[in-house]
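Fold and geometry: a report
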Amino acid sequence: MKGLLARKLGMTQLFNADGTTSAVTVLEAGPCRVLGLRTTEKDGYSAARIAYEATKENKLTKPAYGEFKKANIEPHRHVVEIRGYDGLQAGQELKAEIFAAGELVDVTSTSKGKGFQGLVKRHKFSRGPESHGSMNVRQPGAIGATDAARVFKGVRMSGQMGNERTTSRAYKVVRIDAERNLILVKGGVPGAKGALVLVRQSTKKQKVKGPAGKPTGRKV
């Protein structure tokens, strides 16, 4: 499973051949360096450790800087492990060109924080009656059982919204700009501008289309 770290630069639009436009998110992907490899024989699983965004030595702790010094790689700010990433060598450089237009990718990032929100915005609840005298237009209904004398865990209520690690699946790669290390994916990616995102090969299976353009039922 290939992947790399990137920065969300924002959204823009592309003009298609038929004159329509497509909303895309621009991701500045890499260049990333392979800090090290995990092997099944030594670690019990296979993975690649990917480093992103070069930084100064004094910005890291001594143990973290020691890893880069041992691998003979300049210090980087972020390190992530991607399991099942085979065919790499320590110190190798990864760029946006590892992906191609038309591929599907999964994007993991931290969503925007919305603060303390109510039920309507946080859980998409419908509003209560708005007739004269109604006092629960945007308030919850019953939140407890009749004889339990307590509120069960997991009841959807008001609270902190957003600022969570989230993975959105099956984004279509619209274009790759190899010179500027940019990946343009169709649609909006969770997170604010400048957010750190992890772009990986999608795990979602695609249905194979037949000659008439209809799904055949087979998956790849």
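Please refer to the structure higher up on the page.
This structure is a prediction, so every number in the text was calculated from the model and none was measured.

**Notes on the overall build of the protein**
In terms of helices and strands, the protein carries three helices and 14 strands. Whereas a compact globule of 220 residues would reach a radius of gyration of roughly 17 Å, the protein reaches 23 Å, over 25% beyond that. Projecting the C-alpha coordinates of the protein onto the three principal axes gives extents of approximately 70 × 55 × 35 Å. The buried share of the protein, reckoned over its 220 residues, is 33%.

**Details of unusual backbone geometry**
Only a minority of non-glycine residues have a phi that is not negative, and only a minority of peptide bonds are not trans. In the Ramachandran plot, Glu 53 falls in the positive-phi region, its phi being about 70 degrees despite a non-glycine side chain. Considering the arrangement of structural elements, one finds Glu 53 in strand 4 (residues 47-54). Phi at Asn 181 is positive, roughly 55 degrees, even though this residue is not glycine. Relative to the helices and strands, Asn 181 resides in the loop between strand 10 (165-177) and strand 11 (182-186).

**Quick notes on the sheet that holds strand 4**
Across the sheet, which stays open at both edges, the four strands sit in the order 5-4-3-6 with antiparallel pairing between neighbours. Each edge of the open sheet is held by one strand with a lone partner, namely strand 5 (76-83) and strand 6 (93-94). Sheet topology note: the strand 4/strand 5 ladder contains seven bridges and is antiparallel. Counterpart to Ile 50 in the pairing with strand 5 is Val 80. In the packing of helix 2 (residues 62-71) onto the sheet, contacts are made with strand 3 (32-38), strand 4 and strand 5, and the angle to strand 3 comes to roughly 90 degrees.

The rules behind each value
- Per-chain numbering applies: the sequence of each chain, read as written, is numbered from 1 onward.
- The model is predicted, so local features are restricted to residues of pLDDT at least 70 and side-chain atom pairs to those at 80 or more, both for listing and for counting; the totals for chains, interfaces and linings are taken over all residues.
- Derived side-chain values reflect all non-hydrogen atoms in the structure, with water molecules and hydrogen atoms excluded from consideration.
- Only DSSP runs of H or I covering at least 4 residues are called helices, and only runs of E covering at least 2 are called strands; the numbering of each starts at the N terminus.
- The globule rule is 2.2 Å times the number of residues to the power 0.38, and the radius of gyration it is compared with is taken over C-alpha atoms.
- When a residue's accessible area, from a 1.4 Å probe over protein chains only, is under 20% of the maximum for its type it is buried; when over 50% it is exposed; and in between it is partly exposed.
- Two strands pair if DSSP finds at least two bridges between them.
- Whether two residues touch is decided by their heavy atoms; if any such pair falls within 4.5 Å, the residues are in contact.
- Every axis corresponds to a line fitted to the C-alpha atoms, with the helix fit spanning only the stretch in contact, and the corresponding angles, defined between N-to-C directions, vary from 0 to 180 degrees.

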